[in-house]
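So the chains spell out like this:
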Amino acid sequence: MPPQSHNSELVESTQSYPVAPHRDRRLPLITKAIDPTGLAFDFLAPGDQQVMTGHIGGTITINLAEADDSEREKQRGAMGEPYRTLLGHFRHEIAHYYWDRIVRDHATIKTFRDIFGDERADYAEALERHYSKGPPADWPNNFVTAYASSHPWEDFAETWANYFHIIDTLEIARAFGIRTRPRVSDASAFEGSIDFDPYKASVEQLVHAWLPLTFAFNSINRSMGLNDLYPFPLSPLVIVKLTYIRNLIQRHTGSESLDDRDALRAMATGLRRGLTAPV
């Protein structure tokens, strides 16, 4: 969501540090110290003026009040969200920055519109409709979050954020050697290991490892009375959108060749696993 304008000093760097966790890959990054349309972060605490987390013109505003757990939980409840973290804000707003950089004026815009919809639809009207009427009843079949259903820009940003939720968490699980192999009569749908680099993996590999891992950790969290670690649905259409994000990043970093069949295999894996969250 675009933030309101503020008369405050921008927090920026003259060096091109990676903004998202992509290790050996380098997505294009220009700071405002180099280009007025480049990236900068504006960290603001609420005062006389309301502070809204959002992105506009390369500036990402973060509301520092949400560093307080109680305030963030209050906002999460008010928004009816199953998940709300500062890290999630960073990943979501960075997606808006990269949409401007690697989607808006590029050949991939047609594919974007085929998958996410036409972003030229009035943004303000779309958000007003979302907040007044809520998401469509069948949103879990088409979007990774309810908010993603509000406008194609938000759908892209929410899907991008979830892609990084998945690959970064899988990398940590891999580093700790975590695998799932429950002691049940038919464990095939619940078994999983991460014997690959998530940052270079196909979406099929990601889904195959992610579903049993999050099923296990959601169950563990529930045993402690906590919210699910990963409360988002991965429907077949969401998997198609994740594949678009993965291929977009691969294309702009030159990491690997692309496979048009990856989304179909990933959807088949998701349906075969049949896992979303414990019931």
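Residues numbered from 1 in each chain as written. Predicted model: local features only at pLDDT ≥ 70, side-chain atom pairs only at ≥ 80, totals over all residues. Heavy atoms only, no water.

Side note on the pairing of strand S3 (residues 59-63)
Look at any regular strand and the pattern is simple: side chains alternate between the two faces of the sheet. Most of S3 is tucked away: 5 of the 5 residues are buried. Where burial is concerned, the two faces of S3 agree: the one with Thr59, Thr61 and Asn63 and the one with Ile60 and Ile62 are both buried. Judged from the 5 bridges that link them, strand S1 (residues 40-44) and S3 form a sheet pairing that is parallel. Each residue of the ladder has a partner; that of Phe41, found in S3, is Ile60. With 3 bridges connecting them, strand S2 (residues 54-56) and S3 associate as antiparallel partners. Pairing of His55 across the sheet is with Ile60, part of S3. (Buried < 20%, exposed > 50% of the residue type's maximum accessible area, 1.4 Å probe, protein only. Helix = DSSP H or I, 4+ residues; strand = E, 2+ residues; numbered from the N terminus. Pairing = 2+ DSSP bridges.)

A look at the packing of helix H3 (residues 109-116) against helix H7 (residues 236-253)
Following both chains from N to C, one finds H3 and H7 inclined at 160 degrees, their axes separated by 10 Å at the closest point. Comparing their axes, H7 and H3 come out roughly antiparallel. For the element pair H3 and H7, the recorded crossing hand is left-handed. On H7, the residues touching Thr111, Phe112, Ile115 and Phe116 of H3 are Val240, Lys241, Tyr244 and Ile245. For the contact of H3 with H7, a count of residues per class yields 6 nonpolar, 1 polar and 1 charged. (Axes fitted to C-alpha atoms, helices over the stretch in contact; angles between N-to-C directions. Parallel < 35°, antiparallel > 145°, perpendicular 65-115°, else oblique. Left-handed = near helix turned anticlockwise from the far one by under 90°. Contact = heavy atoms within 4.5 Å. Nonpolar A, V, L, I, M, F, W, Y, C, P; charged D, E, K, R; others polar.)

Overview of the nonpolar core
In this structure, Val103, Phe156 and Trp160 are the most contacted members of the largest nonpolar core, which totals 47 residues. Looking at this core, the elements that each hand over two or more residues are S3, helix H2 (86-102), H3, helix H5 (152-175), helix H6 (203-223) and H7. (Core = buried A, V, L, I, M, F, W, Y, C linked by side-chain atoms within 4.5 Å.)

Observations regarding the sheet that holds S1
Reading across from one edge, S1-S3-S2 is the order of the 3 strands in this open sheet, with mixed pairing throughout. The two strands at the open ends of the sheet, each matched to only one other strand, are S1 and S2. Each strand of the sheet is rotated relative to its neighbour by a mean of 20 degrees, with strand direction disregarded. With respect to the sheet, H2 is in contact with S1, S2 and S3, its orientation differing from that of S3 by roughly 165 degrees.

Some thoughts on the environment of Asp100
Counting through the fold element by element, Asp100 comes out in helix H2. In sequence terms Asp100 and Thr37 are 63 residues apart; their C-alpha atoms lie 9.9 Å from each other.

Looking at the confidence of the model for the chain
The pLDDT averaged across the chain works out to 85; a share of 81% of its residues lies at or above 70. Confidence, expressed as mean pLDDT per element, reaches its minimum in the chain at helix H8 (residues 262-273) with 65 and its maximum at H5 with 97. The low-confidence segment residues 2-24, where pLDDT is below 50, has 59 contacts with residues more than four positions distant or belonging to other chains. (pLDDT = per-residue confidence, 0-100.)

Brief notes about the packing of aromatic side chains
As enumerated under the stated definition, the model contains 20 aromatic pairs in all. Each ring, one from Phe112 and one from Phe156, has its centre 5.9 Å from the other, and the planes form 65 degrees; the classification is edge-to-face. One end of the pair, Phe112, is in helix H3; the other, Phe156, is in helix H5, and 44 residues separate them in sequence. Residue class for Phe112 comes out buried when judged on its relative accessible area of 0%. We classify Phe156 as buried; its relative accessible area is 0%. (Phe/Tyr/Trp six-rings, centres within 6.5 Å; stacked < 30°, edge-to-face > 60°.)

Things to note about helix H4 (residues 123-133)
The complete set of buried residues in H4 reads Tyr123, Ala126, Leu127 and His130. One side of H4 carries all its buried residues, which in axial view fall inside an arc of 95 degrees. Away from its buried face, by an angle of more than 90 degrees, H4 presents the exposed residues Ala124, Glu125, Glu128, Ser132 and Lys133. In this structure, the buried residues of H4 make contact with H5. A distance of 3.2 Å separates the backbone nitrogen of Ala124 from a side-chain oxygen at the start of H4, and that oxygen is part of Asp122. Where H4 ends, the next residue or the one after it, Gly134, has phi of about 85 degrees, a positive value. (Arc of directions from axis to C-beta. Polar contact = N/O pair within 3.5 Å; in protein donor to acceptor, adjacent residues only side chain to side chain.)

As for the pattern of salt bridges
Inspection of every chain in the model, using the stated rule, returns 13 salt bridges. Between Arg104 and Asp105 there is a salt bridge, and its shortest N-O distance comes to 3.4 Å. For Arg104, a relative accessible area of 42% translates into the label partly exposed. Overall, Asp105 belongs to the exposed group, its relative accessible area being 61%. Taking the shortest distance from any N to any O, the salt bridge between Asp118 and Arg113 comes out at 3.9 Å. Looking at Arg113, the relative accessible area reads 26%, which means it is partly exposed. (Salt bridge = Lys/Arg side-chain N within 4 Å of Asp/Glu carboxyl O.)

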